[in-house]
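Residue-level structure breakdown
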Amino acid sequence: MDVSSQAITAREFIKQVGRLTPRRQGNSIPLHRPLLLLWLLGRAASGAPRLVYWREVRPAFEKLAANYGNGADGDAAVYPFWVLHANNRLWEIEDPERLVLTSGGRRPTRASLDAVNPAAGFPQATYDLLVAKPEVIAQAAANLLVRYFNPIPDGLLADLGLLHLIAGHEVEALAPIPGTDLYDDRAAIYEAHGGQRFAGIGPLEDGLTCLFSDEKGPYSDRRIPGTGLIEYRGDGLVGDQRLTGGNSTLYECQRQRVAVRYWHKPHDEPWRFETWAVVVDRRRVWGKGADHKWRREFAWILAPVNSPFRDTWTLQVQELLAEDDGETHDDTAGTEAPAADNPDDARDRYQKFCDSVASRERHNRGRSTRQQSDRYFRSAQARLAVLLRAEGRCENPECTGQPEDLTDKGDPILEVDHVDELAKGGRDHPEAMIALCPNCHAIKTRGKSRHVLRRKLKLEALRRHTKWSAGGTDTPKILAEEASSHEV
Ligand code: ZN
């Protein structure tokens, strides 16, 4: 069958490009394959003939490989020249049977390439597509650049003949574009961009990794208040999450500082590709699995970026990356799952959460984004402690009744609140926090009696904390006595 006579669509071509991966050599990844493909795209962009002879490819490519190849060997050109044909079907070599293969049979010898001097090029259908649609060249090139030449080295685009086509348009070339299109469901995204239909973490057919975050669940993803950062819960519905599957994909993105596409679906709204984002921190936190049981989850902290190209990232994002030591920051360390099986257990767990909150309280008193994010996770632990202490009931002693309903995860409808606003010096600790039903929370926030209520809640939080703490020695005695006067 003559492959070159079949029509190829832009999507099929981008999918081929997305599948291209360079071979690894130990820790280094020689970039021969993407580099040769970029060179071919540059030729197509400049209207050069479809076929090019080996004797022309070799010197041109070896020069590129020496400058941009990330570790080229003596036979720099042989390998991609052959592999793009034999493995990837991205281009074709005329009469390849005339070539003598190496003893391993994996590629032709250089001597035989030099002697036969075969012509090679994109299949006719691909070439026709690229000549007719330069935007496909731009998309394919931007895809290779973002994955393998990021930031784009000085001079590369000019040397490839791609300067005019994509310089300054690299991000727009990478369809889909953030914020533009809406999709009713995951199936619609799959129809438009391929990839996979269900997983939370995975690539589209162009090979670039995506995160999918549905506000309805099952994961508790959210924007971290006051920071602009996104908390994305890892892969794995039940039991402690591990660094496998999608989590290991994200781990690689974090390690290599590769941006991902962040997709979001707000309640009762369609899906959208919200923003490019880069992982700036990896934490381990308590969360509830699909079986309603507490387990350790990964909280991936993402910083939104306008473009996946690293040299465009803001100073703030670069600082966050510089502060990332790549380790897992374990917010579950020293604490047990916040499940109250029996009252004594619950007190023990409460105390451990308080200890953990206090031990972190010493650090990070400033206001950098990193510190704000740290404080948020310390608050998360303090919130878990307060929920444990509340035992499912509103902590306002004057509460007239809370909704009997539960959330999908089986939790009571309670909101944990800082009695005094953090911004006004409130302490980020269970002794200054309280669990309230939505009614009491509303009164405390905007009711006429809010000032009186706040004073009462302050004492109540302290009273309960003292009662629940092992010794309660850190509580001023007078306040504890005042608080207990509210007991009926
Ligand atoms: Zn209440």
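Residues numbered from 1 in each chain as written. Predicted model: local features only at pLDDT ≥ 70, side-chain atom pairs only at ≥ 80, totals over all residues. Heavy atoms only, no water.

1. A short note on the coordination of the zinc ion
For clarity, the cut-off: Water is not part of the atom set, so a site may look incomplete; the donors themselves are N, O and S atoms within 2.8 Å of the metal, or 3.2 Å for Na, K and Ca. Angle rules define the geometry names used: all angles between 85 and 135 degrees makes four donors tetrahedral, while opposite donors over 155 degrees apart and all other angles between 65 and 115 make four donors square planar and six octahedral, leaving every other case irregular. The way it works is that DSSP assigns letters per residue, a run of H or I at least four long becomes a helix, a run of E at least two long becomes a strand, and they are numbered from the N terminus. Each residue is placed in one exposure class: buried if its accessible area under a 1.4 Å probe, protein chains only, is under 20% of its type's maximum, exposed if it is over 50%, and partly exposed if it falls in between.
Within the protein, the zinc ion binds to Cys394 (SG), Cys399 (SG), Cys437 (SG) and Cys440 (SG); these donor distances fall in the range 2.3 Å. Taken together, the four donor atoms surrounding the zinc ion define angles of 105 to 117° at the centre, an arrangement classified as tetrahedral. On the primary sequence, the residues serving as donors to the zinc ion are separated as C-x4-C-x37-C-x2-C. On the criterion of sequence distance, the pair formed by Cys399 in the loop between helix H15 (369-390) and strand S13 (415-418) and Cys437 in the loop between strand S14 (433-436) and helix H16 (438-446) is long-range, its members being 38 residues apart. Of the residues examined, Cys399 reaches a relative accessible area of 23% and is grouped as partly exposed. With relative accessibility at 0%, the residue Cys437 sits in the buried group.

2. Let's talk about the layout of surface pockets
Let me state the cut-off plainly: Residues are called lining when one of their atoms sits within 4 Å of a cavity or pocket point, these points coming from a 1 Å grid over the protein atoms alone, where a cavity is a set in which a 1.4 Å probe fits but cannot get out and a pocket is an open set with protein on both sides within 12 Å along at least five of seven lines. Grid points are joined across faces, edges and corners, and a volume is the space filled by probe spheres set on the points.
Considered as a void within the structure, the second largest pocket measures approximately 870 Å³ in volume. If you go around the second largest pocket, you meet 28 residues; those closest to its centre are Ile29, Arg147, Tyr148, Gln256 and Val258. Secondary-structure elements contributing two or more residues to the lining of the second largest pocket are helix H1 (10-19), helix H7 (134-148) and helix H12 (245-256). Among the elements that make up the lining of the second largest pocket, the one with the highest residue count is H12 (five residues).

3. Considerations on the domain arrangement of the chain
One frequently used descriptor of interface size is the decrease in accessible area upon assembly of the parts. Stated precisely, the cut-off is as follows: Just so you know, the domain bounds were taken from an automatic or database domain assignment.
Each assigned domain of the chain is listed here: domain 1 (10-173), domain 2 (176-326) and domain 3 (334-488). Look at where the C-alpha atoms of domain 1 and domain 3 centre, and you get two points 60 Å apart.

4. Details of the nonpolar core
As a reminder, the rule being used: By convention a nonpolar core is built from buried Ala, Val, Leu, Ile, Met, Phe, Trp, Tyr and Cys residues, the set being connected through side-chain atoms within 4.5 Å. Contacts are assigned to residue pairs that have any heavy atoms within 4.5 Å of one another.
Core analysis: the largest hydrophobic core is formed by 84 residues, its most contacted members being Phe13, Leu38, Leu41, Phe122, Leu145, Phe149 and Trp263. Top contributing element to this core by residue count: H7, with ten residues. Counting contributing residues per domain, this core is built from domain 1 (10-173) and domain 2 (176-326), each supplying no fewer than three. If near-sequence neighbours (up to four positions away) are discounted, Phe149 is found in contact with Leu31, Pro34, Leu35, Leu38, Tyr68, Leu144 and Leu156. One finds Leu414, Cys437, Leu453 and Ala461 within the second-largest nonpolar core, a separate group that totals 17 residues.

5. Considering the pattern of salt bridges
To keep it simple, the criterion reads: The working definition used for a salt bridge is a side-chain nitrogen of Lys or Arg within 4 Å of a carboxyl oxygen of Asp or Glu.
For the structure shown, the criterion picks out 36 salt bridges. For Arg272, the salt bridge goes to Glu269, with nearest N and O atoms at 2.8 Å. Under the relative-accessibility criterion, Arg272 is labelled partly exposed at 24%. Connected through shared salt-bridge partners, Asp281, Arg283, Glu323, Asp331, Arg370 and Asp374 make up one network.

6. Structural notes on unusual backbone geometry
Of the consecutive residues Asn150 and Pro151, the connecting peptide bond is found in the cis state with omega at 0°. Along the chain, the position of Pro151 falls in the loop between H7 and helix H8 (156-160). At the junction of Ala175 and Pro176, the peptide bond is cis and its omega measures out at -5° in the coordinates. If you trace the backbone, Pro176 turns up in the loop between helix H10 (170-173) and strand S4 (182-183). Of note, the phi angle at Asp95 is positive, near 50°, even though the residue is not glycine. As for its position among the elements, Asp95 is in the loop between strand S2 (92-93) and helix H5 (110-116). A residue is classified by how much of its surface remains accessible, and Asp95, at 40% relative accessible area, is partly exposed. The backbone phi angle of Glu391 is positive, close to 50°, even though this residue is not glycine. In this structure, Glu391 sits in the loop between H15 and S13. Looking at Glu391, the relative accessible area reads 44%, which means it is partly exposed.

7. Some thoughts on the environment of Glu319
Looking at the element boundaries, Glu319 is found in helix H13 (residues 315-323). A sequence separation of 40 residues divides Glu319 from Val279, and the C-alpha atoms of the two residues are 13 Å apart.

8. Section: H7
Put simply, the rule reads: Take the residue count of a helix, subtract one, and multiply by 1.5 Å to get its expected span.
Compared with an ideal rise of 1.5 Å per residue, which puts 15 residues at 21 Å, H7 spans 21 Å between its outermost C-alpha atoms and is within 8% of the ideal. With twelve of 15 residues buried, H7 is to be regarded as a mostly interior element. Here H7 has its buried residues at Val136, Ile137, Ala138, Gln139, Ala140, Ala141, Ala142, Asn143, Leu144, Leu145, Val146 and Tyr148. For H7, the secondary structure elements touched by its buried residues are H1, helix H2 (32-45), helix H6 (124-132), H8, helix H9 (163-166) and H10.

9. Concerning the confidence of the model for the chain
To be explicit about the condition: You can read pLDDT as the predictor saying how much it trusts each residue, on a scale of 0 to 100.
With 93% of its residues at a pLDDT of at least 70, the chain reaches an overall mean of 88. For the stretch residues 472-488, pLDDT sits under 50, and the model shows 16 contacts to residues farther than four places along the chain or on other chains.

10. As for the packing of aromatic side chains
Under the convention used in this document: In summary, the pairing rule links any two rings of Phe, Tyr or Trp, Trp by its six-membered ring, whose centres are within 6.5 Å, and it sorts them by plane angle into stacked for under 30 degrees, edge-to-face for over 60 and tilted for everything else. Working rule: Lys NZ or Arg CZ, within 6 Å of ring centre, within 35 degrees of ring normal, means a charge sits over the ring.
Under the criterion given, the structure shown has eleven aromatic pairs. Seen in terms of ring centroids, Phe212 and Trp271 are 5.9 Å apart; in terms of plane orientation they differ by 80°. Their pairing is edge-to-face. Here the residue Phe212 occupies a position in strand S6 (residues 209-214), and Trp271 occupies one in strand S10 (residues 271-288), the gap between them amounting to 59 residues. Phe212 sits in the buried class, given a relative accessible area of 6%. Taken together, a centroid distance of 5.8 Å and an interplanar angle of 35° make the contact between Phe298 and Trp300 tilted. For Phe298, a relative accessible area of 4% puts it in the buried group. Here a set of aromatic residues connected by ring pairs shows up, and it is made of Tyr183, Phe212, Trp263, Trp271, Phe273 and Trp276. Looking at Arg186, its charged tip hangs above the ring of Phe212, at a distance of 3.6 Å from the centre. Above the ring of Trp271, the side-chain terminus of Arg186 is found at 6.0 Å from the ring centroid.

11. Notes on the environment of Gly447
Relative to the elements of secondary structure, Gly447 occurs in the loop between H16 and helix H17 (450-468). Residue classification places Gly447 among the buried positions, given a relative accessible area of 15%.

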